[in-house]
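The residues making up each chain are set out below.
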Amino acid sequence: MPDSPRHNLPAEPNRFVGRERDLDDLCGMFGDTRVVTLCGVGGIGKTRLALRVAARLVPSYSGGVWLVELARINRPELVVREIARVLGVPEEHTRPLLDTVAARLRDTRCLLLLDNCEHVVDRCAEVSAELVASCRWLSVLATSREPLRIASELVWRVPPLDLPDLDTPDAEAAQLFRDRATAAGTRLGPESLADVVRLCRALDGLPLALELAAARTSLLNPGQIADRIDDRFSLLTTGERTAPARQRTLLAAVEWSHDLLSVKEQVLLRRLSVFAGAFDLDLAEQVCAGRPIPEAEIVDLLGGLVDKSLVLCDESRRRYRLLETIKRFAAERLAEAGEREAVRDRHLDVLCELMQRHFTVELTEPRVPWARRLAALTASRTLLDDQRAALDWAIESGNVPLGLQLCFRSTGLLPVSGLTEIVGWVERLLALDLSEVPAHQLAQAKAYLAYGLEARDELARSLELAAESLPALGDDLFRTCVAHSLSVMVLLRMGRADEALHHAERCLAVATASGDHWNQAAGLAGLSAVALVRGRLREAQRHGEEALARAREHGHRWMLARVATQLGAVAEARGDLVTAMTHYEQAVPWLEELGSGVDLARCLARAGRVAALLHEFGTARERLAASLSLSRRTGQRQGMARCLVGLSVLAEAEGDLEAAVLAAAAAATLRESIRQHSTTARIEELLARARAKLGDGRTSSLWSRGRTMSPADAAHHVLAGERPAIPGPGRVPDRVSRRAGRAAGPMAAEPAPRSVLTAREREIAALLTRGLSNRAIAEELVISPATVARHIANIMEKLGYTSRAQIAVWAAEHPEASA
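This structure is a prediction, so every number in the text was calculated from the model and none was measured. (Residues numbered from 1 in each chain as written. Predicted model: local features only at pLDDT ≥ 70, side-chain atom pairs only at ≥ 80, totals over all residues. Heavy atoms only, no water.)

Enquirer: With reference to specific residues and values, describe the overall build of the protein chain.
Expert: Counting secondary structure elements, the protein chain contains 40 helices and seven strands. Across the 819 residues that make up the protein chain, the buried fraction comes to 54%. Long-range contacts, defined as pairs at least 24 residues apart, comprise 69% of the intrachain contacts of the protein chain with a sequence gap of at least 6. Carbon and sulfur atoms make up 51% of the accessible area of the protein chain, which totals about 34900 Å². (Helix = DSSP H or I, 4+ residues; strand = E, 2+ residues; numbered from the N terminus. Buried < 20%, exposed > 50% of the residue type's maximum accessible area, 1.4 Å probe, protein only. Contact = heavy atoms within 4.5 Å. Areas by Shrake-Rupley, 256 points an atom, 1.4 Å probe, with all protein chains shown as cover.)

Enquirer: Break down the pairing of strand 3 (residues 110-115) for me, with residues and values.
Expert: Taken across its six residues, strand 3 has six buried, putting it largely inside the fold. Both strand 3 and strand 4 (residues 138-144) contribute to a ladder of five bridges, which runs parallel. Bridge pairing links Leu-114 to Ala-142 in strand 4. Handedness of the crossover joining strand 3 and strand 4 through helix 5 (residues 121-134): right-handed. (Pairing = 2+ DSSP bridges. Right-handed = clockwise from strand over helix to strand, strands pointing away.)

Enquirer: Would you mind going over the environment of Gln-441 in detail, with residue names and values included?
Expert: Along the polypeptide, Gln-441 turns up in helix 21 (residues 439-455). In this structure, the C-alpha to C-alpha distance between Gln-441 and Gln-405, residues 36 residues apart in sequence, is 8.2 Å. If near-sequence neighbours (up to four positions away) are discounted, Gln-441 is found in contact with Pro-401, Leu-404, Gln-405 and Phe-408.

Enquirer: Outline the confidence of the model for the protein chain, listing residues and values.
Expert: When pLDDT is averaged across the protein chain, the result is 84; 89% of the residues are at 70 or more. Taken together, the stretch residues 727-754 has pLDDT below 50 and engages in 44 contacts with residues farther than four places along the chain or on a different chain. (pLDDT = per-residue confidence, 0-100.)

Enquirer: Summarise the packing of aromatic side chains; cite the residues concerned and give the values.
Expert: For the structure shown, the criterion picks out five aromatic pairs. Pairing Phe-279 with Tyr-320 gives two aromatic rings, centres 6.0 Å apart and planes at 25 degrees, and the pair type is stacked. Remark: Tyr-320 occurs in strand 7 (residues 320-321) and Phe-279 occurs in the loop between helix 12 (263-272) and helix 13 (281-288); sequence separation between them is 41 residues. Seen in terms of ring centroids, Trp-518 and Trp-558 are 5.6 Å apart; in terms of plane orientation they differ by 15 degrees. Their pairing is stacked. Here the residue Trp-518 occupies a position in helix 25 (residues 517-533), and Trp-558 occupies one in helix 27 (residues 557-574), the gap between them amounting to 40 residues. (Phe/Tyr/Trp six-rings, centres within 6.5 Å; stacked < 30°, edge-to-face > 60°.)

Enquirer: Provide a residue-level description of unusual backbone geometry, including the pertinent values.
Expert: Cis peptide bonds are those with omega within 30 degrees of zero, and the linkage from Arg-291 to Pro-292 qualifies with 10 degrees. Topologically, Pro-292 is positioned in the loop between helix 13 and helix 14 (298-307). In this structure, Arg-149 is a non-glycine residue whose phi angle is positive, near 60 degrees. Checked against the element boundaries, Arg-149 lands in the loop between strand 4 and strand 5 (153-157). If you check the backbone angles, Arg-367 has positive phi at about 55 degrees while not being a glycine. You can see Arg-367 is positioned in the loop between helix 16 (340-364) and helix 17 (370-382). With a relative accessible area of 74%, Arg-367 lands in the exposed category.

Enquirer: Talk me through the side chain of Asp-656; I want residue IDs and the actual numbers.
Expert: Within the fold, Asp-656 resides in the loop between helix 31 (637-653) and helix 32 (657-673). At 3.2 Å, the side chain of Asp-656 forms a polar contact with the backbone nitrogen of Ala-659. (Polar contact = N/O pair within 3.5 Å; in protein donor to acceptor, adjacent residues only side chain to side chain.)

Enquirer: Please provide a residue-by-residue account of the nonpolar core, values included.
Expert: A general trend in soluble globular proteins is that nonpolar side chains are found buried together. Within the largest apolar cluster, 207 residues are counted, with the highest numbers of intra-cluster contacts made by Leu-272, Phe-279 and Val-311. For this core, the leading source of residues is helix 32, giving twelve residues. Not counting residues up to four positions away in its chain, the partners in contact with Val-311 are Leu-269, Leu-272, Phe-279, Leu-302, Leu-305, Val-306, Tyr-320, Arg-321 and Leu-322. Residues Leu-87, Val-89, Leu-98 and Cys-110 belong to the second largest nonpolar core, which totals 35 residues. (Core = buried A, V, L, I, M, F, W, Y, C linked by side-chain atoms within 4.5 Å.)

Enquirer: So what's going on with the sheet that holds strand 1 (residues 35-39)? Residues and values would help.
Expert: Ordered in space as 2-3-4-1-5, the five strands form an open sheet in which the pairing is parallel. Across the chains shown, the open sheet's two edge strands, defined by having one partner strand only, are strand 2 (65-69) and strand 5. The sheet shows a mean angle of 20 degrees between the axes of neighbouring strands, direction not considered. Along the sheet, helix 3 (residues 78-87) makes contact with strand 2 and strand 3, crossing strand 2 at roughly 140 degrees. (Axes fitted to C-alpha atoms, helices over the stretch in contact; angles between N-to-C directions.)

Enquirer: Requested: an account of a negative patch on the surface, with residues and values cited.
Expert: Side chains of Glu-341, Asp-345, Asp-349 and Glu-353 sit close together on the surface and give a patch of like negative charge. Mapped onto the fold, Asp-345 is located in helix 16. (Patch = residues over 30% accessible without salt bridge, like charges linked within 9 Å, V, L, I, M, F, W, Y side chains within 5 Å. Salt bridge = Lys/Arg side-chain N within 4 Å of Asp/Glu carboxyl O. Lys, Arg positive; Asp, Glu negative; His and termini not counted. Charge placed at Lys NZ, Arg CZ, Asp CG, Glu CD.)

Enquirer: Residues and numbers for helix 38 (residues 774-781), please.
Expert: All buried positions along helix 38 are accounted for by Ile-777, Ala-778 and Leu-781. Buried residues of helix 38, seen end-on, are gathered within an arc of 100 degrees and therefore sit on one face of the element. Of the residues in helix 38, the exposed ones pointing more than 90 degrees away from the buried face are Arg-775 and Glu-779. (Arc of directions from axis to C-beta.)

Enquirer: Tell me about the packing of helix 27 against helix 29 (residues 597-613), residues and numbers included.
Expert: Packing of helix 27 against helix 29 leaves a shortest axis separation of 11 Å and a crossing angle of 25 degrees. It follows that helix 27 is roughly parallel to helix 29 by the angle criterion. As for the relative orientation of helix 27 and helix 29, their crossing is left-handed in sense. Only Asp-599, Cys-603, Arg-606, Arg-609 and Val-610 of helix 29 make contact with helix 27, whose side of the interface consists of Trp-558, Thr-565 and Glu-572. Among the residues making up the contact of helix 27 with helix 29, the classes are represented as three nonpolar, one polar and four charged. (Parallel < 35°, antiparallel > 145°, perpendicular 65-115°, else oblique. Left-handed = near helix turned anticlockwise from the far one by under 90°. Nonpolar A, V, L, I, M, F, W, Y, C, P; charged D, E, K, R; others polar.)

Enquirer: Run through the side chain of Arg-180, naming residues and quoting values.
Expert: Topologically, Arg-180 is positioned in helix 6 (residues 172-183). Residue classification places Arg-180 among the buried positions, given a relative accessible area of 8%. For Arg-180, the contacting residues outside a window of four places in its chain are Asn-14, Arg-15, Val-17, Arg-48, Glu-211 and Ala-214.

Enquirer: I'd like to hear about the pattern of salt bridges, residue by residue, with values.
Expert: For the structure on display, the rule yields 53 salt bridges. Between Lys-308 and Glu-146 there is a salt bridge, with its nearest N and O atoms 3.7 Å apart. Residue Lys-308 is located in the loop between helix 14 and strand 6 (312-313), and its partner Glu-146 is located in the loop between strand 4 and strand 5; the two are separated by 162 residues in the primary sequence. On the basis of relative accessible area, Lys-308 is assigned to the buried category, the value being 15%. Residue Arg-333 pairs with Glu-336 through a salt bridge whose shortest N-O separation is 2.9 Å. Here Arg-333 pairs with Glu-336, and both are found in helix 15 (residues 324-336), just three residues apart, close to one helical turn.

Enquirer: So what's going on with the environment of Lys-693? Which residues, and what values?
Expert: Looking at the element boundaries, Lys-693 is found in helix 33 (residues 681-694). Sequence separation of Lys-693 and Leu-657 is 36 residues, and the distance between their C-alpha atoms is 8.6 Å. For Lys-693, the contacting residues outside a window of four places in its chain are Gly-655 and Leu-657.

Enquirer: Now, about helix 31: what can you tell me, with residues and values included?
Expert: Over its 17 residues, helix 31 runs 24 Å from end to end, which matches the ideal 24 Å to within 8%, given 1.5 Å per residue. Judged by how many residues are buried, helix 31 sits mostly within the fold: 13 of 17 residues are covered. Gly-655 occupies a position one or two residues after helix 31 and carries a positive phi of about 90 degrees. (Expected span 1.5 Å × (residues − 1).)

Enquirer: Talk me through the environment of Ala-394; I want residue IDs and the actual numbers.
Expert: With respect to the element layout, Ala-394 can be found in helix 18 (residues 384-397). For the pair Ala-394 and Leu-404, spaced ten residues apart in sequence, the C-alpha to C-alpha distance is 8.8 Å. With near-sequence residues (within four places) excluded, Ala-394 lies in contact with Leu-348, Asn-399, Gly-403 and Leu-429.

Structure (structure tokens):
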């Protein structure tokens, strides 16, 4: 007589994909744990995972593994009947059916799989608790959208499938999508990789959604599906006919969970849809409370939504989020309820108030420990997605004053944190109706817009807006200082040191009068930078040290790093490379702690250049490569140009003049594209050495080649140690012809730059070789000492020098240029 079957598990309809770690962990639990509940949102794959676990455990249970499908019943009293039916236990009129089932299982090593408990969860909990208590060899594996909440239960939250990216394209979600697409008759090639990654991420790795999307590949390619995924509930409607009704469409799966919620839970869920990212309890209470939900009830209602798998929480139980599919569903319910405008207005209000508090703690409140300032910045950055959502709503609803206020107070969006996206937000807000916006707020907007434009290398427009904002800022002393400090940076980049001096002095005066240590440090750092450009090294050092003292009093790492970098530049100008390197390296960990990409890139480039001059080639290469990567990632052309200059220095220090010329030429082209002066004495000296060693023709060819190279290619020549193939007369190498506009014939060599000094400036440079003072030069040329000082400042700006001694050395080495 054949053995009785030891399970009633169905055959798998298709290949099981992923979750190998989950399978191993779950199977291992049943040695010590008797009740395990797989919890998760509808469509997460609870049933499929449970069936796979149960199949693996069949050999471990001599009494069998028995699947009880509860989705088919709709009344709690039928739970025990369904268990009895599966086990083949007849009902006895003189005995409760549950007692009869317990008697059948009491001495049997058995596993019950209770699938889809959520709609009868209370009765499932009662039955499971009683059976486990009376049957010592019984184990229960349950699937539910919320836990059973019985004493012996272990709750396993089923996560979405691992998400792919371009570096790990074979993650579980992508495997499942490709497998099901193949089953639908569609073979996906490597050209669809990016679209598959995009689609899997848009669907949160939710298995049901991925399977429904894969079914659509018979009509649409992955890119077309991803493009339409905002309308996911209309698109993903082609499930298998044999699947339960709740799993045939994505909408049905989510509605099944939603309909099991209480009225207040449904209200909270739809209001939570306004959050763009993770949120905490405090934020949920401030935004979502209101009839019919008192604020005091939010904590319990939110906990209920977590238990029912509609809201996810992190391990600390402090941060919550909604899967995108749930959020889309809830947002539709919010609009249907007529609450969208009110809740999004409240979200914007709350974000503005919260960012104001963080801004005060991080930047303007005196004597705050750095840990608190950093916590405020971190909190602002944590809510970046929500700030963006709030700004989108401010634009959509035309609430320009609150939108601008949020921009002004968000240090996560401000350039002080290395971000320039504030430019886009402010521009969009200023394009709306401004009739209700006060004049001082428009001035603030122009000041911050100018700050972001400087970081985007739009110098002329940045300076124009800063100048427009200053008269209208009134008693807003902090932003007045910001506008002056910004003007210093822009004017120095434009070679206008005298004008920069005025703004640095005004910034310091206003900050000192208001006791603002942050802007005192900024003003002093600006004075140091101006003095450095004018060749007044002692003055630059003094201002830099005073700035460092003020920065330490404030404590913010960004200002400390800015001042340390300035002191490094002063040390460089003095020729003290070791001290310069110390200052730059001191600033690096501060900027890394802040995640300030633009500023970190600048500091790393300077450290790399100095390391090259110190012949610390490994350090130089590492720092410059890291700087280049950061600048490319943040789209900073000035930063890439700075790296190329450093790489040119490195190449020459290593004895590779050819790569040095290429990098310098690429840097010159890049700087010209952002209208930044690039004809420096270092380039002229480099080209003079190259002509002496390589000859005029080859040097000109290298310069011309470098002018046409991309920054990445020029950098690669130095970092990889490649030697460029430069054509001889009448010949163009393949690599050059591919990149140089595909022009026929040989590439014309562009002449390398010569001195850009005027005749009077050349005269003064020559007189400096004699060690003459400004007064002596003035007497020799019959001009005023002040005019001599202005000419010397212009010479320094044009040649990139910071002292009279450097000009004198250059003039002595280039008598033809200073004649």
